[in-house]
Amino acid sequence: MTAATLVPERMRLARGLGGRLSSEMLSWFCIGLFALVCLIVVFAPLIAPYDPIQPIGAPYTPPFTSKYILGTDSIGRDVLSRLIYGVQSTWPLGILVVVIGIAIGGAVGAIAGVVGGWLDNLLMRVTDLFLALPAALVAIAIVAFLGPGTTNMLIGISIVWWPYFARIVRGEVHSLAARPHVEAARMTGVGRRRIATRHILPGVVPTLVVLASIDIGSAILTISSLSFLGLGTPPPAAELGADAAHNAGFLLQAWWVPVIPGLGVLVLTIVANLAGSGVRNLMLRR
Amino acid sequence: MLKFIARRLLSLVIILLVLTFLLFLMQTYSPIDPVRAILGEKANAAALAALRAKMGLDDPLYVQYFHYLGGLLHGDLGVSYRSRQPVIDDLKAFVPATLELGIAGMVIAVILGVIFALTTLSRSKPLALFRGFILTGAAAPTFLLGVLGVILFYKTLGWLPASGRSSESGHGPTRFLLIDDILAGNITGFFDAIHHLILPALCIAIGPSLVIGRVFASSLRSTLDYDYVRTAQAKGLTGSQVVGRHVIRNASSPVLSLVGLQIGAMFAGALVVENIFSWPGLGLYMSGAIGASDFPAISAITLILGAGYILVNAAVDILQGVIDPRLRVA
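Conventions we followed
- Residues numbered from 1 in each chain as written.
- Chains lettered and ligands numbered in written order.
- Predicted model: local features only at pLDDT ≥ 70, side-chain atom pairs only at ≥ 80, totals over all residues.
- Heavy atoms only, no water.
- Helix = DSSP H or I, 4+ residues; strand = E, 2+ residues; numbered from the N terminus.
- Buried < 20%, exposed > 50% of the residue type's maximum accessible area, 1.4 Å probe, protein only.
- Contact = heavy atoms within 4.5 Å.
- Areas by Shrake-Rupley, 256 points an atom, 1.4 Å probe, with all protein chains shown as cover.
- Lys, Arg positive; Asp, Glu negative; His and termini not counted.
- Charge placed at Lys NZ, Arg CZ, Asp CG, Glu CD.
- Buried area = accessible area lost by both parts, 1.4 Å probe.
- Salt bridge = Lys/Arg side-chain N within 4 Å of Asp/Glu carboxyl O.
- Nonpolar A, V, L, I, M, F, W, Y, C, P; charged D, E, K, R; others polar.
- pLDDT = per-residue confidence, 0-100.
- Axes fitted to C-alpha atoms, helices over the stretch in contact; angles between N-to-C directions.
- Parallel < 35°, antiparallel > 145°, perpendicular 65-115°, else oblique.
- Left-handed = near helix turned anticlockwise from the far one by under 90°.
- Phe/Tyr/Trp six-rings, centres within 6.5 Å; stacked < 30°, edge-to-face > 60°.
- Expected span 1.5 Å × (residues − 1).

K.L.:
How do you make sense of the overall build of chain A when you look at a structure like this?
P.N.:
In terms of regular secondary structure, chain A is built from 13 helices and zero strands. Going from the N terminus to the C terminus, chain A shows its helices and strands as α-α-α-α-α-α-α-α-α-α-α-α-α. Seen along its three principal axes, the alpha-carbon backbone of chain A occupies a region of about 75 × 45 × 30 Å. Expressed as a percentage of its 286 residues, the buried residues of chain A come to 54%. For chain A, the proportion of contacts with a sequence separation of at least 24, taken over those separated by at least 6, is 74%. Looking at chain A as shown, the accessible area adds up to about 12100 Å², and 69% of this sits on carbon and sulfur atoms. Averaging the locations of the 19 positively and 12 negatively charged side chains of chain A gives two centres separated by 11 Å.

K.L.:
How should the overall build of chain B be read in this particular structure?
P.N.:
Helix and strand content of chain B: 14 helices and zero strands. Listed N to C, the secondary structure of chain B is α-α-α-α-α-α-α-α-α-α-α-α-α-α in terms of helices and strands. Dimensions of chain B, computed from C-alpha atoms along their principal axes, come out at roughly 85 × 55 × 40 Å. Taking all 330 residues of chain B together, the buried fraction comes to 47%. If you take every contact in chain B between residues at least 6 apart in sequence, the share linking residues at least 24 apart comes to 72%. Surface summary for chain B: the accessible area is close to 15800 Å², and the carbon and sulfur share equals 67%. Considering chain B, the positive charge centre built from 24 side chains and the negative charge centre built from 18 side chains are found 12 Å apart.

K.L.:
What's the story with the interface of chain B and chain A in this structure? I'm lost.
P.N.:
Interface size is commonly expressed as the accessible surface area that is lost when the partners come together. With 56 residues of chain B at the interface, the matching set in chain A holds 47 residues. Across the chain B to chain A interface the summed buried area is about 4500 Å²; carbon plus sulfur atoms make up 81%. Taken together, chain B and chain A are joined by zero salt bridges. Listed by contribution, the elements that provide at least two residues to the side of chain B that touches chain A are α1 (2-29), α6 (125-139), α7 (142-156), α9 (187-224), α12 (253-276), α13 (282-291) and α14 (295-323) of chain B. At eleven residues, α12 of chain B tops the list of elements feeding residues into the side of chain B that touches chain A. Across the side of chain B that touches chain A, the residue classes break down as 39 nonpolar, 13 polar and four charged.

K.L.:
What exactly am I supposed to notice about the confidence of the model for chain A here?
P.N.:
All names here are of chain A. For chain A, the average pLDDT comes to 85, and 92% of its residues sit at 70 or higher. Helix α5 (residues 79-115) holds the highest mean pLDDT among the elements of chain A, 93, whereas helix α1 (residues 2-6) holds the lowest, 35. The low-confidence segment residues 1-21, where pLDDT is below 50, has 68 contacts with residues more than four positions distant or belonging to other chains.

K.L.:
So what exactly am I meant to see when it comes to the packing of α6 of chain B against α9 of chain B here?
P.N.:
The axes of two packed helices give the description: the angle between them and the distance between them. Residue and element names in this part refer to chain B. Closest axis-to-axis distance for the α6/α9 pair is 8 Å, and the angle between their directions is 125 degrees. Judged by the inter-axis angle, α6 sits oblique to α9. In this structure, α6 crosses over α9, and the sense of that crossing is left-handed. Packed against α6, whose contacting residues are Phe 133, Ile 134, Leu 135, Gly 137 and Ala 138, the element α9 presents Ile 206, Gly 207, Ser 209, Leu 210 and Arg 214 at the interface. Grouping the constituent residues of the contact of α6 with α9 by class yields six nonpolar, three polar and one charged.

K.L.:
What is the right way to read the packing of aromatic side chains from this model?
P.N.:
The geometry of an aromatic ring pair comes down to the distance between the two centres and the angle between the two planes. Residue and element names in this part refer to chain B. Following the criterion strictly, the structure yields 15 aromatic pairs over all chains and no others. Each ring, one from Phe 24 and one from Tyr 68, has its centre 6.0 Å from the other, and the planes form 35 degrees; the classification is tilted. Separated by 44 residues along the polypeptide, Phe 24 in helix α1 and Tyr 68 in helix α4 (residues 61-73) bring together distant segments of the chain. In this structure, Phe 24 and Tyr 68 share a single accessibility class: buried. Members of the aromatic cluster, joined through ring pairs, are Phe 21, Phe 24, Tyr 65, Phe 66 and Tyr 68.

K.L.:
Explain the packing of helix α7 (residues 135-146) of chain A against α14 of chain B to me, please; I cannot follow it from the model alone.
P.N.:
It is at 10 Å that the axes of α7 of chain A and α14 of chain B come closest, and there the two elements cross at 170 degrees. When the axis of α7 of chain A is compared with that of α14 of chain B, the two are roughly antiparallel. Every residue of α14 of chain B that contacts α7 of chain A at Leu 137, Ala 141, Ala 144 and Phe 145 of chain A is listed here: Phe 295, Ile 298, Ser 299, Thr 302, Leu 305 and Gly 306 of chain B.

K.L.:
How should the environment of Met 266 of chain B be read in this particular structure?
P.N.:
With respect to the helices, strands and loops of the structure, Met 266 of chain B is situated in helix α12. Separated by 24 residues in the primary sequence, Met 266 of chain B and Ile 290 of chain B have C-alpha atoms spaced 20 Å apart.

K.L.:
Help me understand α7 of chain A in this model?
P.N.:
Two residues of an α-helix separated by three or four positions point the same way, owing to the 3.6 residues in each turn. End to end, α7 of chain A covers 17 Å across twelve residues, agreeing with the expected 16 Å (1.5 Å per residue, within 8%). Of all twelve residues in α7 of chain A, nine are buried, a share of seventy percent or more. Every buried residue of α7 of chain A is accounted for by Leu 137, Val 138, Ala 139, Ile 140, Ala 141, Ile 142, Val 143, Ala 144 and Phe 145 of chain A. Of the surrounding secondary structure, the elements contacted by the buried residues of α7 of chain A are α8 (150-161) and α11 (192-228) of chain A together with α1, α12, α13 and α14 of chain B. Trailing α7 of chain A by a residue or two, Gly 147 of chain A shows a phi angle of about 105 degrees, which is positive.

K.L.:
In this structure, what is going on with the environment of Leu 127 of chain B? I would like to understand it.
P.N.:
Residues and elements named next belong to chain B. Looking at the secondary structure, you find Leu 127 in helix α6. Residue Leu 127 is classed as partly exposed on the basis of its relative accessible area, which comes to 29%. For the pair Leu 127 and Lys 235, spaced 108 residues apart in sequence, the C-alpha to C-alpha distance is 29 Å. Contact partners of Leu 127, with chain neighbours within four places excluded, come to Thr 119 and Ser 122.

Printed below as a string of structure tokens:
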């Protein structure tokens, strides 16, 4: 299907904020923010002031009025601690979805591009079929059938996440194969396998890195939507989407309980997008 | 031309078959046993085996799949484990609600996207603010937009309602409130329905509007480089005349296929947003179905929305092929 392959919609969306960062410093600052979130994930148990599962105070304490900085939820759990643990569950999942997508899509695209012939045809037909399906809906259905949970969420989203990468990697392999350095290698009698592994595939890596970094933001949005629909880790685990969903009904009495996890997702997406454009700028400079 | 349409229709059928096959596989290989889901944990072995045979679960897989396909063609989407009614009866009430929301969302997304693209042609500060709003909104999860929308427009300002499709009860012949109200000549009902529609539709529109806006903006920029634009400027047209009369139309073709693709994101957004606005559509039904492992309902919803997405995209492809012969290849 031509229309589906022309526009990698997720990637455009993922650029989100900060589409045109310019200076190198700024790029590194954004990548630093990304690293900071990773640190929060690693040291979550040390940073979180309270246990995210146990009630520790009166229910619905508003933010900034007590020692619970962001307030408490419907059964008196610390919202800040749940936010930190929610970040801990969402962020690595977002990175992992993209890594798995790149691994599968990259492999499919590279094999199709390098081997060519009927295999190329077959692989690209399969890729096109996946591109023609509505990704988010299929992911939701897969997780609903497998049963809620982090692993199943990872499986469901990864199944629909790879086709974009396959298309792009295949295109990249084809354009690299026409470059003079590959032609020169072929002239000097280098074998096909060596041309592929030494002269073509390394050239795909920069594109993949840029694509991956730009894509993490939309992976996080998808994950939090599925979690909101009840497809993530079952309660009482802290999860950003699910926490917002459970408390959306009390939105008029206690706005902060659903809003804060939602803002958490927003910040994660922005950080991922900023870091993505940072990486892109640094790579384009080279 | 006919060959192009035939080929596109063939691929449409194949994609639909793949979707049904995927859903069939998921139902078959799901770790949750449908017979147990219907009869409950305490059912005895004989009852389980009897129902298993009755549902045809002992047949070979391909027989089951053809049964499933045959059922689909007759509008049989299975029986809901929860309501014990045919899923199709449950869905009759919900599909129009979600479609109405989705269509309204798409209209808003296209409007916002076009405005976004046009503002990139200008350097004014307030317009940059609008772009910042769309950019931030697209990075926010749909549920956050819904929650903030309710707080701002319902609780604080009191401008818009926060739940449901309408203040009136009952429904007309089509179950599309806007159409029913027009048919019945019910002006207040019509505006009431729009009133209820604005906020949830806006929430699902912001993400897709950025995608549309971005593509339209780059299409505008490349169209501006054409010679006929310079000719138009040379003969003395003002900037807005050039853009309005000569550029927008030629730049809008890529947007059409994008609108089709964004319907997928729109439906996914609707599943989320309906839960916040108690919108009585497929999203609310889906949440309940997920909680109860109601597989016939889940696969029916996925099938209906998925088929809708696939059909619209096929229609868009064919339409573009008709308009632009260069797209008929491939």
